[in-house]
Amino acid sequence: EDQVTQSPEALRLQEGESSSLNCSYTVSGLRGLFWYRQDPGKGPEFLFTLYSAGEEKEKERLKATLTKKESFLHITAPKPEDSATYLCAVEGGATNKLIFGTGTLLAVQP
Amino acid sequence: NAGVTQTPKFQVLKTGQSMTLQCAQDMNHEYMSWYRQDPGMGLRLIHYSVGAGITDQGEVPNGYNVSRSTTEDFPLRLLSAAPSQTSVYFCASSPSDLRGYTFGSGTRLTVV
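Just so you know, these numbers come straight off a predicted model, no measurement behind them. (Residues numbered from 1 in each chain as written. Chains lettered and ligands numbered in written order. Predicted model: local features only at pLDDT ≥ 70, side-chain atom pairs only at ≥ 80, totals over all residues. Heavy atoms only, no water.)

Trainee: How should I be thinking about the pairing of strand β11 (residues 104–109) of chain A in this particular structure?
Mentor: Look at any regular strand and the pattern is simple: side chains alternate between the two faces of the sheet. Residues and elements named next belong to chain A. What you see with β11 is a clean split: Thr104, Leu106 and Val108 sit on the buried side and Leu105, Ala107 and Gln109 on the side with no burial. Relative to β11, strand β9 (residues 84–92) runs antiparallel, the two being bridged by 3 bridges. Each residue of the ladder has a partner; that of Ala84, found in β11, is Leu106. (Buried < 20%, exposed > 50% of the residue type's maximum accessible area, 1.4 Å probe, protein only. Helix = DSSP H or I, 4+ residues; strand = E, 2+ residues; numbered from the N terminus. Pairing = 2+ DSSP bridges.)

Trainee: Before we go on, may I ask you to explain the environment of Glu58 of chain A in this structure?
Mentor: All names here are of chain A. Mapped onto the secondary structure, Glu58 falls in strand β6 (residues 56–59). A residue is classified by how much of its surface remains accessible, and Glu58, at 61% relative accessible area, is exposed. Residues Glu58 and Leu73 lie 15 residues apart in sequence; the distance between their C-alpha atoms is 9.5 Å. Residues within four places of Glu58 in sequence aside, it is in contact with Phe48 and Lys63. (Contact = heavy atoms within 4.5 Å.)

Trainee: What should I look at first to understand the packing of aromatic side chains in this one?
Mentor: We describe a pair of aromatic rings using the distance from one ring centre to the other and the angle between the two ring planes. Inspection of the entire model under this criterion finds 8 aromatic pairs over all chains. One aromatic cluster is present, built from ring pairs that chain together Tyr36, Phe46 and Phe100 of chain A together with Tyr35, Phe90 and Phe103 of chain B. Over the face of the ring belonging to Phe74 of chain B we find Arg68 of chain B, whose NZ or CZ atom lies 6.0 Å from the ring centre. (Phe/Tyr/Trp six-rings, centres within 6.5 Å; stacked < 30°, edge-to-face > 60°. Lys NZ or Arg CZ within 6 Å of the ring centre and 35° of its normal.)

Written out as structure tokens, the structure reads:
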């Protein structure tokens, strides 16, 4: 069964304190791994798609990396506006179904 | 460009009532999906569609029906509401396979 596990469940950082969020997955034949950001009371907002091990993508203070078993979302010198829940999702096998993890709630304090 | 529009934003139903959650997108996206989001359980796929006239079940389809008669619209029908269907429902669309989804702002449904 396809599964996505995110850690930690919650993370509190000081402004400027870099860290990483983890997304580990088990899926038969990964076709894509996705990162989303979700603000309270809103729908998720797409950030990145990674397709194969070794791939990296960057956007402002965020960089996503992918291995055969997990993905990391690195946050460099975060700001309070980076506070949100970050969701990881995978699509694999022969289906078009996107399976989400439960997310990491990030709080960046000024 | 409105993106993905969901209506209503809030709804309270009595057990046994039926209703339709509306979802429309104006981006000419082929792929559309419905998710429910519950605390501690993340987003779970209810039904999805890869094009007009094509639908398939997701992870938690029981108690819900969908149809896709046009590219733009993907309504979700609750047949006989139950308290276990209390949740936040999100509709999402994507231009094709393995592309990021655009999500609507959600419908918060309470079944009493």
